Amino acid sequence: MSLITPEFGLLFWMVLIFALVFFILAKFGFPVISSAVRKRSDYIGDSLKAADEARASLENLAVEQQKLIEQTRIEQARILKEASETRAQIISKAREDAEAEAARVMERTKAEIAAEKEHAMLELRAAVSSVSLAVAEKLVRGSLSEDAAQTALLDRLAAEAAETALKS
Amino acid sequence: MRRAGVITFILCAAALFAARPCFASDGKSGGEGSFDVTSFIFGHISDSHEWHITGIAGREYSIPLPCIVWDGGLRAFMSDRMEENGYFLDDEGHIVNSATLARPLDISITKNVLGLIFDSILLVLLILLCARWYRTHDVLKDKPTGLAALLEPVIVMLEQDVIKDAVGPEYRRFSPYLLTAFFFILINNLMGIFPVFPGGANITGNIAVTGVLALFTFLMVNVLGSKHYWKDIFWPDVPMFLKVIPIMPVIEILGMFTKPFSLMIRLFANMLAGHIMLLSVIALIFLTAALGPVLNGSMTVVAVLFGVFLDALEVLVAFIQAYVFTMLSAVFIGLARHNPSPETK
């Protein structure tokens, strides 16, 4: 049979056979293999991506943790500082209060002392006046029996006593 | 491995039993001792109505093949019963009606057709068994074994490196065709090198076979070509005078046919040349038989060494040609599916 002119019979069978092979393989053969391989390569790709993300999030977590620790430290320092400030404040306020209270107590004591002094003065004065009255009475009682001149003196003395009493 | 050996043995045995002796009756081969290189080589590379196995002591052993002709009606007979059925083979090997001397429409199961059928069954079995592995295994858990491990790297290499790059984003639509073409060519190439019965037919070195393969690529390219592909053929972006006198459209339309034509010729010529080279080297042994034992012995050594080298080369060529056909088909499909990107427009 000739070399470069295609034979009809072979052409016919080749079309038939190749079409059949193509049909079978394109329907039941290669798509199955291709999709399975693609499924696996997709899976590998997804896994790689997921691992990458996991690693990134892990790194993120570490950074976050560090940040949290830093924040906590700052917070701690702040709280300590605040506490010491508050303590100082409380102490100084207490001192002020105590001083104020002491001053107030002193004031009141002074006032009381003054009042007591006044009161004592009044009482002393009353006692003095009653004593002098008694003295005077005794004197008066002794001399009244003598004369008129003495009576006059007595009057004068009494008046003087009254005057001094009034003055004080 | 043992099973494969047993199958090969059975096939060879079947071939030997099926082969029936017939006398070397053609007048081409001369007397005893002379060796006709042309008929030796062409007898191996051309298609025929019987499958010649070997000749021993002047008797030729061949497997008769069914002849099917349309001669006013469908007629079928085995090739060794041709004369009884009123037909004979002319010098070129065509079936001729003895009574009318006319050539009927011949759709016989010839050597190449039988080889095609056998190789196709083998191919379908291989691929379907491989596909069955993927059906029955969880691809996310199991590592491919056996046939799947053998074929998967090839399929992945073709799909990812050749088809995806050449065809573009919608490669999945075309990859079954391109993969089929690749494995079809590859298995026929390899079986062509294998010299024992089911192999040895020069299938991919036959222009009808490569022509049909190129025709399928032609159909894939042109039936599924994009709008832009057709616009580029009939109204390309060239100066107006090249379109008014339709130089460019004529060239483009010619290009539509030259591309698959080159595919057809490339595969055909490469495989044919490989077979002829191998057979020529083997023929050296028989050619030098008449020149004395010393020359014949030394040439036999040379021929065997060259034969081993050429066989190894042919295995490489078998792969390369299948690869080239697939890659160029993918490129042609890619060109026809190409949508102009903004920067090229």
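Cut-off values and rules
- Residues numbered from 1 in each chain as written.
- Chains lettered and ligands numbered in written order.
- Predicted model: local features only at pLDDT ≥ 70, side-chain atom pairs only at ≥ 80, totals over all residues.
- Heavy atoms only, no water.
- Pairing = 2+ DSSP bridges.
- Helix = DSSP H or I, 4+ residues; strand = E, 2+ residues; numbered from the N terminus.
- Domains from an automatic or database assignment.
- Contact = heavy atoms within 4.5 Å.
- Buried area = accessible area lost by both parts, 1.4 Å probe.
- Salt bridge = Lys/Arg side-chain N within 4 Å of Asp/Glu carboxyl O.
- Polar contact = N/O pair within 3.5 Å; in protein donor to acceptor, adjacent residues only side chain to side chain.
- Nonpolar A, V, L, I, M, F, W, Y, C, P; charged D, E, K, R; others polar.
- Patch = residues over 30% accessible without salt bridge, like charges linked within 9 Å, V, L, I, M, F, W, Y side chains within 5 Å.
- Areas by Shrake-Rupley, 256 points an atom, 1.4 Å probe, with all protein chains shown as cover.
- Buried < 20%, exposed > 50% of the residue type's maximum accessible area, 1.4 Å probe, protein only.

1. Re the pairing of strand β3 (residues 59–64) of chain B
All names here are of chain B.
Working step 1: Here strand β2 (residues 50–56) runs beside β3; their pairing, made up of six bridges, is antiparallel. Bridging across to β3, Thr54 finds its partner in Tyr61.
Working step 2: Where β2 hands over to β3, the hairpin turn is made up of two residues, of which Ala57 adopts a positive phi near 50°.

2. Observations concerning the domain arrangement of chain B
Working step 1: Taken domain by domain, chain B holds domain 1 (66–108) and domain 2 (111–337).
Working step 2: Put simply, the middle of domain 1 of chain B and the middle of domain 2 of chain B, counted by C-alpha atoms, are 32 Å apart.

3. Brief notes about the interface of chain A and chain B
Working step 1: On the chain B side, the residues contacting the 36 residues of chain A number 57 residues.
Working step 2: With both sides pooled, the region where chain A packs onto chain B buries about 4100 Å², and carbon together with sulfur makes up 81% of that total.
Working step 3: Counting every contact that joins chain A to chain B gives one salt bridge.
Working step 4: A salt bridge links Arg40 of chain A to Glu152 of chain B, with the shortest nitrogen-to-oxygen separation between them at 2.3 Å.
Working step 5: Counting the contacts that link chain A with chain B gives seven residue pairs in polar contact (both at pLDDT 80 or more).
Working step 6: Of the residues assigned to the side of chain A that touches chain B, the class counts are 27 nonpolar, five polar and four charged.

4. A closer look at the side chain of Glu152 of chain B
Working step 1: Take Glu152 of chain B: it is sitting in helix α4 (residues 146–167).
Working step 2: With sequence-adjacent residues up to four places away left out, Glu152 of chain B is seen in contact with Val37 and Arg40 of chain A together with Tyr134 and Pro144 of chain B.

5. Quick look at a nonpolar patch on the surface
Residue and element names in this part refer to chain B.
Working step 1: A contiguous nonpolar patch, built from Phe234, Trp235, Met240, Val244, Ile245, Ile247, Ile251, Ile253 and Phe257 and spanning about 900 Å² of accessible area, is present on the exposed surface.
Working step 2: Looking at the nonpolar patch element by element, the count peaks at four residues for helix α9 (residues 247–287).
Working step 3: Of note, Ile247 is situated in helix α9.
Working step 4: Classification of Ile247 by relative accessible area gives partly exposed; the value is 38%.

6. So, the environment of Leu154 of chain A
Working step 1: Assignment of secondary structure puts Leu154 of chain A in helix α2 (residues 148–167).
Working step 2: A residue is classified by how much of its surface remains accessible, and Leu154 of chain A, at 13% relative accessible area, is buried.

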